[in-house]
Amino acid sequence: MYRDEVIPLAEARTRVLDLCPPQEISEVPLAEALGCVTGEAIVASQAVPAFANTAMDGYAVRSADTTAAPVRLTVVGTLSAGSTPPDQPLASGEALRIMTGAPMPAGADAVVMVERTQVDEGGTTVTIQVPAQPGDHVRLAGEDVRVGQEVFAAHTRLAPGHLGVLASLGLAEVAAFPRVRVGVLSTGDELVEGSGQLRPGQIYDSNRPTLLALLVASGFEAVDLGIARDAEETITDAIEAGIAGCDALVTSGGVSMGDFDWVKTVLNRLSGDEMGWMQVAIRPAKPLAFGVVEGVPVFGLPGNPVSSMVSFELFTRPALRQMTGHLDLDRLHVSAVADEGLRRQPDGKLHLVRVTAEPGADGRFHVRSSGAQGSHQLLAMARANALALLPDGDGVQAGGQVWTMLLDG
Ligand code: AMP
Ligand code: MG
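Heads up: these notes are all about the structure in this document. None of these values were measured; they are calculated from a predicted model.

Reading the values: rules and limits
- Residues numbered from 1 in each chain as written.
- Chains lettered and ligands numbered in written order.
- Predicted model: local features only at pLDDT ≥ 70, side-chain atom pairs only at ≥ 80, totals over all residues.
- Heavy atoms only, no water.
- Helix = DSSP H or I, 4+ residues; strand = E, 2+ residues; numbered from the N terminus.
- Rg over C-alpha atoms; globule rule 2.2 N^0.38 Å.
- Buried < 20%, exposed > 50% of the residue type's maximum accessible area, 1.4 Å probe, protein only.
- Contact = heavy atoms within 4.5 Å.
- Areas by Shrake-Rupley, 256 points an atom, 1.4 Å probe, with all protein chains shown as cover.
- Lys, Arg positive; Asp, Glu negative; His and termini not counted.
- Charge placed at Lys NZ, Arg CZ, Asp CG, Glu CD.
- Salt bridge = Lys/Arg side-chain N within 4 Å of Asp/Glu carboxyl O.
- Axes fitted to C-alpha atoms, helices over the stretch in contact; angles between N-to-C directions.
- Left-handed = near helix turned anticlockwise from the far one by under 90°.
- Nonpolar A, V, L, I, M, F, W, Y, C, P; charged D, E, K, R; others polar.
- Pairing = 2+ DSSP bridges.
- Core = buried A, V, L, I, M, F, W, Y, C linked by side-chain atoms within 4.5 Å.
- Near = heavy atom within 4 Å.
- Polar contact = N/O pair within 3.5 Å; in protein donor to acceptor, adjacent residues only side chain to side chain.
- Phe/Tyr/Trp six-rings, centres within 6.5 Å; stacked < 30°, edge-to-face > 60°.

## Things to note about the overall build of the protein chain
Counting its regular elements, the protein chain contains seven helices and 30 strands. For the protein chain, whose C-alpha radius of gyration is 31 Å, the value lies well above the compact-globule estimate of 22 Å for 409 residues. Seen through its C-alpha atoms, the protein chain measures out along the principal axes to roughly 95 × 50 × 40 Å. When each of the 409 residues of the protein chain is scored for burial, the buried share is 48%. Counted over contacts in the protein chain with a minimum sequence separation of 6, partners at least 24 positions apart contribute 72%. Carbon and sulfur atoms make up 53% of the accessible area of the protein chain, which amounts to about 18,900 Å² in all. Taken as two groups, the 29 positive and 49 negative side-chain charges of the protein chain have centres that lie 7 Å from each other.

## Points about the pattern of salt bridges
Any two side chains of opposite charge can pair, on the condition that their charged atoms come close. Within the structure shown, the criterion is met by 14 salt bridges. A salt bridge links E221 to R181; the shortest N-O distance between them is 3.1 Å. On the criterion of sequence distance, the pair formed by E221 in strand 18 (residues 221-228) and R181 in strand 15 (residues 181-187) is long-range, its members being 40 residues apart. What makes E221 partly exposed here is its relative accessible area of 33%. Looking at R181, the relative accessible area reads 33%, which means it is partly exposed. Measuring nitrogen to oxygen at the nearest pair gives 2.9 Å for the salt bridge that ties R331 to E313. Of the two residues, R331 is situated in the loop between helix 6 (305-323) and strand 24 (333-338) and E313 in helix 6; the sequence distance between them amounts to 18 residues. The same class applies to R331 as to E313, namely buried. One connected set of salt bridges, linked through shared partners, spans E193, D205, R208 and D224.

## As for the packing of helix 1 (residues 9-18) against helix 6
In contact at an axis separation of 10 Å, helix 1 and helix 6 are set at 40° when each is read in the N-to-C sense. Regarding helix 1 and helix 6, the two cross each other, and that crossing is right-handed. Along its contact with helix 1, which presents L9, A12, R13, V16 and L17, the element helix 6 presents L314, F315, P318, A319 and Q322. Residue classes in the contact of helix 1 with helix 6 are distributed as eight nonpolar, one polar and one charged.

## What about the sheet that holds strand 3 (residues 37-38)?
The strands making up a sheet associate through hydrogen bonds between their backbones, and the pairing can be parallel or antiparallel. On the basis of which strands lie adjacent, the open sheet formed by three strands has the order 2-14-3 and antiparallel pairing. The open sheet has two edge strands with one neighbour each: strand 2 (26-29) and strand 3. Here strand 3 pairs with strand 14 (residues 173-177) via two bridges, running antiparallel. Its bridge partner being in strand 14, V37 is matched across the sheet by F177.

## Focus: the nonpolar core
Residues V16, M278, F290 and F315 are the most contacted members of the largest nonpolar core, which totals 42 residues. In terms of residues, this core owes the most to one element, helix 6, which gives nine residues. Once residues within four sequence positions are removed from consideration, F315 is found in contact with L9, A12, R13, V16, V280, I282, L288 and F299. Ranked by size, the runner-up nonpolar core spans 19 residues in total, among them A238, C246, V266 and L270.

## A closer look at the site of ligand 1
E190, D205, S206, G254 and G303 are the nearest of the 17 residues found near ligand 1. Within the side chain of D205, one N or O atom sits 2.7 Å away from a nitrogen atom of ligand 1. In isolation ligand 1 has 480 Å² of accessible area, and contact with the protein removes 77% of it. Elements that contribute at least two residues to the shell around ligand 1 include exactly strand 15 and strand 17 (203-204).

## Quick notes on the packing of aromatic side chains
Summed over the entire model, instances satisfying the criterion amount to one aromatic pair. Residues F290 and F299 carry aromatic rings whose centres are separated by 5.0 Å and whose planes lie at 50° to one another, so their mutual orientation is tilted. Take F290 and F299: they sit in the same class, and that class is buried.

So this is what it looks like as structure tokens:
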């Protein structure tokens, strides 16, 4: 459906997010799970450590034997990490040479670190120089994770440490929201690939490398679908081919009011009665074509390079995060100090100004414009690490407060 009215950002986002529900969870191999979000709470079916073991290289002893240290004990063997403890419990007057990670032998209740001992020449006896307390340098079973303990809640984003915990529980897979594969398609007769020769009127395709990188940087799998020319049939074919192998599609260009802006027409048709085209009360990135084609969300982002990036941040990234099970969809927003005036004209829109944001000595972020603010002027967007959000009005004076969306970290 075409929507001629200009709608607020929040409303446009809701329309998009409502059509991008979380994907079904599946068993994801640990090696592929970095950055994925857990689909259910993870409950430990075994303890970590699974058995009491030594935290030090030294001698396993009966602490009661060492009260009168220095004392001499008989060395009855050596236990390395990975070896099975002896069947015979340690008897009074005995010590067992033991290495970090080795299981505590029965009968022993403490470890004396090797630095506090002196072994005789033959190695048959050892002098324990200090008294040991029960439990010294012993890691108890379940000290890290108890059986039945919930280690991670549902919707936890898996970082390297999480994967380590899962591996320590003997898990090779985790129930998680699968990573999404997202195709990126550029549209435009003027576009030239890579470093090819430009004829008059042509430009290099910069949106595709940018959007592919934005996807990867946000933890999604990106698929390069190339360039489609400005013809209704070509764009129809490209979108239909794209959705066949992808969980979502991102296109750029062809969504404004021009004679050759076919993406919105095609998306409107392919997505049936679902959302087709919107105009959002923001600057840059006013037009957005969005539709669900055969279950695959398609984001028709504007062609202007800054607009496509901003639109990606405002719509695509949150929607893909929702599909992949994240509960926090948005970038961090902070209240920042404008170190210079960020002026604007009232026009009924929210302006997203490309700025550099830096933490100041006062503990607050401070922002400055990162350069020329045209939607075709990508340099200032590249140099920016944040977008200052200027509500409708005159903007903000130097020293004033401005809500700012941090783009990295
Ligand atoms: P459109 O939305 O197709 O009217 O494009 C708006 C502006 O963005 C035009 O100046 C296009 O040349 C430019 N543009 C569209 N696609 C790309 C692209 N992939 N890379 C760089 N500029 C583009
Ligand atoms: Mg175009």
